[in-house]
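Secondary and tertiary structure notes
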Amino acid sequence: MAVSGAAAGFAGCVGEDPEADGDDTGNGSGNGNENGNGNGNGDSDTDHVDQWFRSHMGEVPTDVQFNPWNPTNQDGHLNSFTHDPLAYYNGVSGEFDAALATDWGLEDDTAYVELREQTWHNGDQVTANDIVTQWRIDEYFGDALWDYISEAEAVEDQRIEMTIEGDANPVVFWDTVLTGTPMGKQEQYEEWLEDLEAAGEDEEDEIVADLQSHREEELVGHSVFAPEEIQERRVRLSVHEGHPNADQINFNGVQLMHNPGNEGNWQSIREGEQDAAAVAMPEEVRATLPDNILRYMWVPFVGFGLCFNYDHEWFSNRKVRQALAYAIDRELAADNASEYWHVETPTGIGGVDRGVPKDNVGDELENFSQYETDEERARELLEGEGFYEEDGTWYTPNDEEFEVNIKVTAGHSDSVRGMETVSSQLQEFGMDASITTEEATTLYGSSQPEGDFDILTWAWTISPHPFTNWEYTWNDSTELNAASRPTEIEVPMPVGDPDGDLETLNVQELVSDLGRATDDDEVQELMTTLAWAYNQELPFIPTWENWGHYFLNDDGWDLPGQDASEAQQMIHFLLKKGHVQAE
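Below you will find a few notes about this structure. Note that this is a predicted model, so its numbers are computed, not measured. (Residues numbered from 1 in each chain as written. Predicted model: local features only at pLDDT ≥ 70, side-chain atom pairs only at ≥ 80, totals over all residues. Heavy atoms only, no water.)

Another point: the nonpolar core. Grouped together as the largest cluster of nonpolar side chains are 69 residues, with contacts concentrated most on Trp135, Ile149, Met162, Phe173, Val177 and Trp470. Take this core: its biggest share by element is eight residues, from helix α18 (residues 520–537). The next biggest cluster of nonpolar side chains, apart from the first, holds 38 residues, and it includes Leu324, Ala333, Tyr340 and Phe402. (Core = buried A, V, L, I, M, F, W, Y, C linked by side-chain atoms within 4.5 Å. Buried < 20%, exposed > 50% of the residue type's maximum accessible area, 1.4 Å probe, protein only. Helix = DSSP H or I, 4+ residues; strand = E, 2+ residues; numbered from the N terminus.)

It is worth spelling out the packing of aromatic side chains at this point. Counted by the stated rule, this structure contains 21 aromatic pairs. For the pair Phe368 and Trp532, a centre-to-centre distance of 5.2 Å together with 65° between the ring planes defines the contact as edge-to-face. Placement of the pair is Phe368 in the loop between α11 (356–361) and α12 (375–384) and Trp532 in helix α18, with a sequence separation of 164 residues. Both residues of the pair, Phe368 and Trp532, belong to the buried class. These aromatic residues form a ring-pair network of at least three members: Phe53, Phe81, Phe225, Phe251 and Trp557. The residue whose ring lies beneath Arg159 is Tyr112, and the NZ or CZ to ring-centre distance is 4.4 Å. Across from the ring centre of Trp52, 4.3 Å away, lies the NZ or CZ of Arg236, which sits over that ring. (Phe/Tyr/Trp six-rings, centres within 6.5 Å; stacked < 30°, edge-to-face > 60°. Lys NZ or Arg CZ within 6 Å of the ring centre and 35° of its normal.)

The next subject is the sheet that holds strand β12 (residues 276–277). Across the sheet, three strands lie side by side as β12-β24-β13; this open sheet has antiparallel pairing. Sheet topology places β12 and β13 (293–298) at the edges, where each strand pairs with a single neighbour. Relative to strand β24 (residues 548–553), β12 runs antiparallel, the two sharing two bridges. Residue pairing in the sheet places Ala277 in a bridge with Phe551 of β24. (Pairing = 2+ DSSP bridges.)

Set out below in structure tokens:
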């Protein structure tokens, strides 16, 4: 049987019943009404108001391109406004809320997804063929979906069927399927797919490389907001009447201004030039905001930390990475970044404020290395690897000063402050530590993918499900290549004994096993082993987990309550669902 079993402990992260609306076969529904609008749409005043909601984006609008396989010059904020995912993960309920998909489930060994009636912004129907074309191209990029399926087919205009290959953890499978966002029409990419399917292995690699560098200049989305004009400093998105939620929007649309840094957004929201700012903001800046600016907070299950480049002469050494973990104070770094939660025990599992690591690992978590600030332990580890301290300065085994450089995105003031704190702590410990700030286009467009860094300030965990971050850490080809990270590592065993005998673990295979495990005991054992491997290997030091901050202008807008369940989502969700109305 394909997607079966409870896998209960894996899913018990945030909601009371993460598999609600499903049965023991893994079937589930999208909680959508007959139009696929999903639960919780706002009650729109049908009287139209001649008003634009003003938000922001990071990239220069005229530089943005829209090929989903080309990682350069993408703007996630713009894409989120112009495209709908198949479903939204609801961190409050622990369930998926319908979006482009209205229903999903299993029939024997066939998984299906049904789509609502919805058009692209050019008026063409969004079809199953559009999505299947994207998925089939994704296979050539190693997408995780193809770990579970052998075929995806558009059997009707609005129905996709997938053939399940072997077993699959139901939570992992549906998370993999439903969180994807269709970004391209079939006609835009079907020739690429035909070329890939007809190519030999060598030609295939060349076509993949060509597609990764191809710029798609035309923005054709399918959400309730469609591009009206794109200027150098601003994108204007008007209401797309071909969308099921169009009648929920009582204003003209959304304007996204190019405003890439935190400080610029602080000024714009304070001075009434924007109606929204999705940025971190320290207490002293919040105190300067006028009363009509309301603060919203949600848990996005994402944080930042220190990503090590294994190509580095010293950071390829596990003991050196552990020494750095002992030398820094993660709690102070988190506080200085923006009053975030510090990560007490590195495991690669998000939801630290809600006890999610304990929920998934159990009592064994108490035996994990917590890496509390301990300079003596840091000294022991470094000296054991041939480093030495002289007159308060650390030297490498090559008799050179131990240099530690951390790259961080310029304009992300919370990350800059947090990493300045880390750098200062390492300096006080005697290392030649520094930070380098780079614009996002440089950091994400070249430094990260080309491995041009020693330590990179990088996001960790993108889902409340532990599998997702471990998949990203050990199976994502871009991440592995950028950090030159191995997939076979030596880990002290048994779990909980950092002084145990080293055992070689193929973490990539363990992650794949977790994605297929359906037996609760097997899931628990795999999660505990992977959490321990992450804890000891430290390919990444998760330093803090973010609050999701955003600020909305209450002047001229009817906003949801700050504690309302619908407010526990990002800005684009509130606007696209009609939870924000013009007054």
